[in-house]
Structures are given as C-alpha cells and as structure tokens.
Amino acid sequence: MAGLLDRLRPVLSAPTVARQVFVWQAAIVVLLVVAAVIAVVLQVRSDSEREARNRSLAVAETVANSPGVVAALTGPDPSAVLQPRAEAVRKASGIDFVVVMSTDGIRYTHPNPDRIGAPYIGHIAPAVAGGVVRETYTGTLGPSVRAVVPVTDAEGKVVGLVAAGVTLASVSGVVDHQVPVVIASAGVALVVATAGTALVSRRLRHQTHGLGPAEMTRMYEHHDAVLHAVREGVLITDGDGRLALANDEARRLLALGPDAEGRPTLDLAIGRDLARLLDSGRHATDEVHPTRGRLLAVSQRSTARDDGPAGSVATLRDTTELESLTGRAEVAQERLRLLFDAGLEVGTGLDVTRTSQELADFAVPRFADYVTVDLADPVLRGGEPKAGDTAMRRVAFRGVKEGSPLYGLGRLIHFVPATPQAVGFLAGQTILEEDMTTFSGWQVQDPERARGLVAFGIHSMLAVPLRARGVIMGVATFWRAEQQEPFEQEDVSLAEELVARAAVSMDNARRYTREHGMAVTLQRSLLPRALPDQSALDVAYRYLPAQAAQGGVGGDWFDVIPLPGARVALVVGDIVGHGLHAAATMGRLRTAVDNFSTLDLPPDELLWHLDELVARIDQDEGSDGSEEGGAPVTGATCLYAVYDPASGVCTISRAGHLEPAVVHPDGEAEFLTVPGGPPLGLGGGLPFEVTVVRLAEGSSLVLYTDGLVEDQRRDIDEGLELLRRALTGPGRTPEETCDATLDALLPDRQRDDIALVVARTHRLAADRTAAWDVPADPSAVGRVRAAAGGTLQAWGLSEEAFTTELILSELVTNALRHATAPIHVRLIRDRSLICEVSDGSSTAPHLRRAASTDEGGRGLFLVAQFAERWGTRYSGGGKVIWTEQPLEK
C-alpha cells in the first residue's frame, strides 16, 4: 500500500492535466461504487418480499392439497387432526404461521393453541369464492406477507381455507449476511479502480509531458494557427478511415462541409480515387488526383510510427495549372496501354486469318467503329504477294453494328490503283481520309457503294499497309461512324504501330504456314502413295499429320513391303520432333528400311542395322558445327514385322516402339508381348530381340504410333485400354476397324502425327504350295524335276514347266555340290511362281560370267536370265535361294 501511495503522490501533487483527470476519475469511481451498493441492497429487499409471497402461497397450497385435509374438515374434530400436521409444516418450511379454518373464518389450527376457534383476521372472501388471497400487512411481528387458498372436495366445492404467513424479517435476514460482503467487494473494487485510475493518469502525464492545462491550451492554439495558416491542405484520418481533422486550405480545395470531420472518407464527395487513397492509408508521394475541377498532388504518410496514433496525414497541393500537360500524359498513357493490350490479344496463334480477325476484334470499338483486313491470296498460302497486283481477299471484319455496306468476308476485291487501299498496298504508306463526305477520290472503287457508306454514317478512314520484314501482305482499314471525331494525324502513328505489331504476327504465321505446307508436302511424298500388290494381307491405313497450330508435321511413317516367298513386311516408326527436319529424317529412315528389306534380313538384324545408321547420322550432324543443323535422330522408334502366309508365322521386333495389337477372328483384341529394345541410336550395337507368333487366318495385326494413344488429359495405359476396346469387335474389315479406332481415340487438338495400319491375315491354301526333301544323291535331281513338272501340270502352268525345271535343276545341283544337308525344295503359286531351295550351309552363291573355256559356272547366270528376280535369305539353320517367275493374269 505504501508503494502505491508513493506512486500516486507525484500524480496528486503535480498541477497537471493528469492530476485533474485522476481526481475526476477517482470521484466518479467512488460514486459508482456507492450507487452499486445501494442498488444491491434495494434489489435484495425486493427479492425478499417476492420470496415471502412465493413461500407463503406455496405452503398454503401444499397444506390445502395434502391428503386427508378434506376428510378432517368434514370430520367431527378438525383441530385434533389438522393442528399437529399444520405445526409440522410450519416448522419444516420456516414460516410464521399455518392456519386451517372453516369457510366462515373459524380457526382449526394456530401456532398459539389459545387462538383455535377464534375468527381469522383478514380478507377471506376471494378464497371462499375459489380464488387466492395474497396481501402484505403489518402485524404484531412486524411487516408480513400472507396467503389464503381454498380447500375443495372432489366435486370442486370449497369446504375450508388454509392461510400461511411469514414476516419479511425472517426472509430478508440473508441480507444482513450479504451486505457486508457487498460492502467489502465494493471496497476492493474501489481500491482496484483507484489503482487503475492512477496508472491511466500516469500514462496521461507521460503523454502530455507533464504539461498543465494552460500550457496545453497555448500549444493547441499555436498548432491550430500554424495548421490553418499554411497554403497546403492537411487531412488527418484515424485508424478507421474517418476524417479526424481538415485545415482551412483542405476545406477550400475539397469543398468540405462543416460536418466533414468524423465521417468516413469514402462518404466524402472528394473523388473516388482520392477517397480510396485516404481510406487505405498507404504511403503516397505527389500522386495526382482530379477532384472538384482541380488536379491535386497528394502525399500521405502514416501517423502510427514512433508509437503515434493509428491513422495517416495527407497534404494536398493544387496543381491545376498542369492540367493540359496531364491531359497529354493521359492520352499517351492510354495509347501505350492500347499497344500493350494489343501485344497480349493479337497474334495468339500461328494462323494468318485468325491473327487478322484478332486485330479487327481488338480495334473495335477502342480505336475505330469498323475494321477490315484485306490480304493478298498468296499470303494465305504462305507465299508473298505478286508485284503490282492489287487484288486482295477480305479475311477479317468487325463493326459496332451489322448492316454496313462494306464488302463482306471472303470476297476477292480488285482494288482500283487510285483507292487508298491500293495506294497504301503498293507504296507502303498510310493513307488518311479525314472527311470521306468530300469524295476526294476514295470512291472510285465503287461510287454507288461509296455513297451508301457515307449515308450509313461512315465519315473517316485510315488505310494502313500490313508490312513486316520488307513484305507488304495486305491492308488494314479503320473506319469511324459512331465516333464523331475523325481520324487525325496523331492517330496515324498509333494505327501504324498497332498494325505493325499485328503484321509481325501475321508474317510469322505466313512463314509457319509455308514451312508447314512444305513439311506436309515432303512428308506425303515420302509416304506410300499406294499399297503394293500382295496376297498375304488385306491392309488398311490412316495417316493424320499433326495440326499446324499444335506443333506441325512430325516424323511418323509406315510401310508395306512385299518380300520373297509371298511374305510381307509391315513397318511403322516415329521420329522425335516436328517440321521439315523430322519429315526429311523420316524419308531417310523409310528408304533405309526399304533397302535393308531387299536383303531379306530378319527383323532383329534389320533393326540392328537401322540403329547403326541412326547413330552415324547423329554423329555426322553433330560434328558439322552448324548452328542450323537439325535435331538429332536419337530417340526414333520403329517396329518391323514379317508375315509368312504359307505358315501363318509373324516375326516381330521393335526398337522403343509401342507393342502391336492383334484382333483375333472372334473379335477379341490383345497386345502382343514383344520385348522392347532401346530407341534407334541408343542401342550401342546390342542385338534386338525377336518374337515369333502364329496368327490364325482372319486375324488382324494392328500397328500404330504414340500419337493415337497419348493425350495430355489421360495416362498412356488408359489410352492403350481405349485402343483395345476400340479394336474389339468381330466381323469388321480393316477399313471399318480404322474408322472405329479413330472415332474412339482421335483427340480434339491433335498434337502429334497418327499412323495406323490394320492388316488382316490370309493363309495360302494347301493346294498352292508343294514341297520335297532332297536326299544327298545326284540322282535325286531328276526326281525333283519330275515332281515339279507334275505339280505345274496340275496347277495349269505347263508353259512354265520347262523354265522351272531348269531353275530347280541348277539350284538343287549347286546345293548338292556346295552345300550341306538337309536340302528342301518348295514351290509356291501366288501372284508369281516362287521356287525355294534351302540347305544347311550359310555360304552364299556368287553370280559370275564363265569364260568360254570353263566347264561350269553358268548355273546361276542361267537362273538369273530365266527368273524375274532371285536372291538369298538366311535362317537360323542355313539359307534359302529363291526365284520368282511372272505368271500371266
């Protein structure tokens, strides 16, 4: 307590604002505590009277409704029965009396037995009538409360009365215990409040620096005089964004009323931007805000620094004399914003027509009411305009309303050389027609249409050439009708800059269109134009190059290559990348595969040679040091399959490509398990694995590239499952299978090439082949010749019998002399007559011209002369020498 007094002493002794505040606050706290004590006492007394009424009524009703009361009242001696029970209730409930009486008021019970039989003193008439009597009276025991209730029998008749009473003193006795507690609590509250008041006063003394009222008054008057004397407006806002103070200059500049202080700044008519700045409280330096016909330079700082109050202070300077400069700055800013937006909205794709329409859509109505874009036809195909040709096609149009007499979209317009469009296109200059109503020559193109344009309201025109990288591609024409201001010279530079940005995008699109067209042309020239004639497979295919806007032409390819022995090779591959380089590389690899197939190599060996070729191509292109060299081929994929219709065997090998699918004759589709070698160029000389499967006749082998199943919206496994479902279905032709597959999997925006090949298998009938094993005996040659001749006679090929017997004689003789067993002969009747002689040796025969003195060496020479084609292919157990002879159709 002594410490608290020591802290209060300087507050009480100093003649400061803090001392006065302390005294007033302490007095107010004392008054509040006294008032609280009085209110508590009065409230307790009121509660005591209410409790007495409730208790007396409750006891009276309890006795009146107790069992046996009605019977006792109607008995011979009610007092003998009811007096003990009434006294027990009185003592248990703590009230002063319980009196049971007759309806005439004669007492049957009373705390003083001497008063039993005497009349009841009080009002009982309402109770006799069935009501309740409650009253406060002053009796011999002091102020009391009593209640009288009726006692009714089973029929509702009043047969007696019960009265209960209690003195207020007995009920309010609890107040005597509560008042000291209340007074003690009030004392504690007074001490705490006084201590809090002292702390507040101490804080106030610290903030007022111990100044007295007079000193503070002088300081306020000084500050007020300075505040209103400065020639800058000053606004102070509090932390809630309300205006706390405004000096005279601020009131004059903003035309503030006398009630401005205390209102939110957003409610003041001072301009939306300025009100938002004041409400935000953000840091600002010389920001220019127009308001009330003035231009005000506004600076704003926060007042919350250095423990200051929350809020901000803003200063205002009148800069109306800079209005003209500000207007020009706004115009320049608007034009810069227009050009900036044009860079974002014009030229979003690599399409000339789309970019032209974007230019028209952007300029209406921000710059013109109508915009037309006319381009030379060669530009639409990726080329350059012809010199001196003013014919242009309208590719874009946009206007504020429909029904204008301007030429419509798609029309080829042959502009007269004197028209602004033709002059601008030929000379590369912008032509301005400020007032079209004067008909200064622009109307020579179509005088009648020109009058219609003026009647429609079009009054001003700007024709700006679309020039980029020295090429003028067309003309963009801006027209004004709804806007009353005509085009001026200041608009020319803006229009030229706007068109120049669009022209660059158009030229990029034109060049891309040209390159894409060249790539498509090159790619289609390198792909098969027609499928070769063969009997082993019914082939259908689909090839879809990627959309130009989604990446352009890629390097996917496929091929169907007839092989000796009525066999057919199916090839599908994919080159990484897009464009001319990918298309050219595709052509190189397709040619390489076609050349390797003439060697009749197994699929795994062919891919090994192709892998070596790709590695050499990458090495050559990477060592030339040219920055313009194409991307490496590494990563290309390929799948090579050979189908033999005689046996139904299909041999497959793949280099990083997706596994093929097979549709069985019953319509069920599945993916073949083919070991996946590395992509081409990454094999490092390692051999590729081969898979051999036997396909039932009527099965369909499906080869495809990743563009069919890959999509950014789904996983590759989901795409493969969709493909399997699309392929499933019995009785469909290869063409129908291709259509069903593309309908199910073709994406809306095709980002990669799609190659799809569906080949339905056929088997050679048993009566179209004949085979014999040849023992190691020279005499067997004659038997083979005779058997072959008989077979040919049965096939109706008697004219080919002599040549075939000669060929077989030479080939079997060479096998007996120079090769090892087993030796096997097979004849195949297909589109041509095929002779095959296999042996167990891997030594290849060599064709040479024998000298006139040589006794041998002419066998293969004769074979080559009589056969249309001949060759050698190797197998795991030796080699096969084959020949083909044409058959008449």
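Residues numbered from 1 in each chain as written. Predicted model: local features only at pLDDT ≥ 70, side-chain atom pairs only at ≥ 80, totals over all residues. Heavy atoms only, no water.

(A) Layout of the sheet that holds strand β30 (residues 869-875). Strand order in the open sheet made by the 5 strands is β27-β28-β29-β31-β30, with antiparallel pairing throughout. Each end of this open sheet is capped by a strand with a single partner; those strands are β27 (769-774) and β30. Across this sheet, the average inter-strand angle for adjacent strands is 15°, counted without regard to direction. Where strand β28 (residues 823-829) and strand β29 (residues 832-839) come together, 6 bridges link them in antiparallel fashion. Its bridge partner being in β29, Ile 828 is matched across the sheet by Ile 834. On top of the sheet, helix α21 (residues 780-795) reaches β27, β28 and β29; it is set at about 170° to β27, its chief contact. Strands in contact with helix α22 (residues 801-818) are β27, β28, β29 and β31 (878-886); relative to β29, the strand with the most contacts, it is inclined by about 15°. (Pairing = 2+ DSSP bridges. Helix = DSSP H or I, 4+ residues; strand = E, 2+ residues; numbered from the N terminus. Axes fitted to C-alpha atoms, helices over the stretch in contact; angles between N-to-C directions. Contact = heavy atoms within 4.5 Å.)

(B) Main features of the nonpolar core. Core analysis: the largest hydrophobic core is formed by 37 residues, its most contacted members being Leu 359, Phe 367, Val 373, Leu 466 and Phe 478. Elements that contribute at least two residues to this core include exactly α11 (323-345), α12 (352-363), β10 (370-375), β11 (391-399), β14 (460-468), β15 (471-480) and α16 (489-526). Here the element with the most residues in this core is α16; it accounts for 9 residues. Of all hydrophobic cores here, the second largest spans 27 residues; its members include Trp 795, Leu 808, Ala 819 and Ile 881. (Core = buried A, V, L, I, M, F, W, Y, C linked by side-chain atoms within 4.5 Å. Buried < 20%, exposed > 50% of the residue type's maximum accessible area, 1.4 Å probe, protein only.)

(C) How the structure looks around the packing of helix α19 (residues 716-727) against helix α20 (residues 734-745). For the pair α19 and α20, interaxial distance at closest approach is 9 Å and the crossing angle is 145°. Regarding α19 and α20, the two cross each other, and that crossing is right-handed. In this structure, α19 uses Gly 719, Leu 722, Leu 723, Ala 726 and Leu 727 to contact α20, whose residues at the interface are Thr 737, Ala 740, Thr 741, Ala 744 and Leu 745. Looking at side-chain class alone, the contact of α19 with α20 contains 7 nonpolar, 3 polar and no charged residues. (Left-handed = near helix turned anticlockwise from the far one by under 90°. Nonpolar A, V, L, I, M, F, W, Y, C, P; charged D, E, K, R; others polar.)

(D) Structural view of helix α10 (residues 272-280). Looking at α10, one finds that the buried residues are Leu 274, Ala 275, Leu 277 and Leu 278. Along the long axis of α10, the arc covered by the buried residues comes to 160°, so they all point the same way. Looking at the buried residues of α10, the elements they touch are β5 (233-238), α9 (248-254), β7 (284-291), β8 (294-302) and β9 (311-318). Gly 281 sits one or two residues past α10 and shows a positive phi near 70°. (Arc of directions from axis to C-beta.)

(E) Geometry of the pattern of salt bridges. A full pass over the atoms with the stated rule returns 28 salt bridges. Between Arg 398 and Asp 361 there is a salt bridge; the shortest N-O distance is 3.1 Å. In this pair, Arg 398 sits in strand β11 while Asp 361 sits in helix α12, placing the two residues 37 residues apart along the sequence. One salt bridge connects Arg 724 with Glu 721, and the closest N-O pair in it is separated by 2.8 Å. Taken together, the residues span about one helical turn, with Arg 724 and Glu 721 both in helix α19 at a distance of 3 residues. Take Glu 721: its relative accessible area is 28%, and that puts it in the partly exposed class. Linked through salt bridges whose partners overlap, the residues forming this network are Arg 567, Asp 600, Arg 826, Glu 836 and Arg 873. (Salt bridge = Lys/Arg side-chain N within 4 Å of Asp/Glu carboxyl O.)

(F) Geometry of the packing of aromatic side chains. On inspection of all chains with the given rule, the structure shows 6 aromatic pairs. For the ring pair Phe 367 and Phe 487, a centre distance of 5.4 Å and an interplane angle of 40° mean the geometry is tilted. With Phe 367 in the loop between α12 and β10 and Phe 487 in the loop between β15 and α16, the pair connects residues that are 120 residues apart, well separated along the chain. Residue Phe 367 shares its accessibility class with Phe 487, and that shared class is buried. Taking the centre distance of 6.4 Å and the plane angle of 25° together, the rings of Tyr 370 and Phe 397 count as stacked. (Phe/Tyr/Trp six-rings, centres within 6.5 Å; stacked < 30°, edge-to-face > 60°.)

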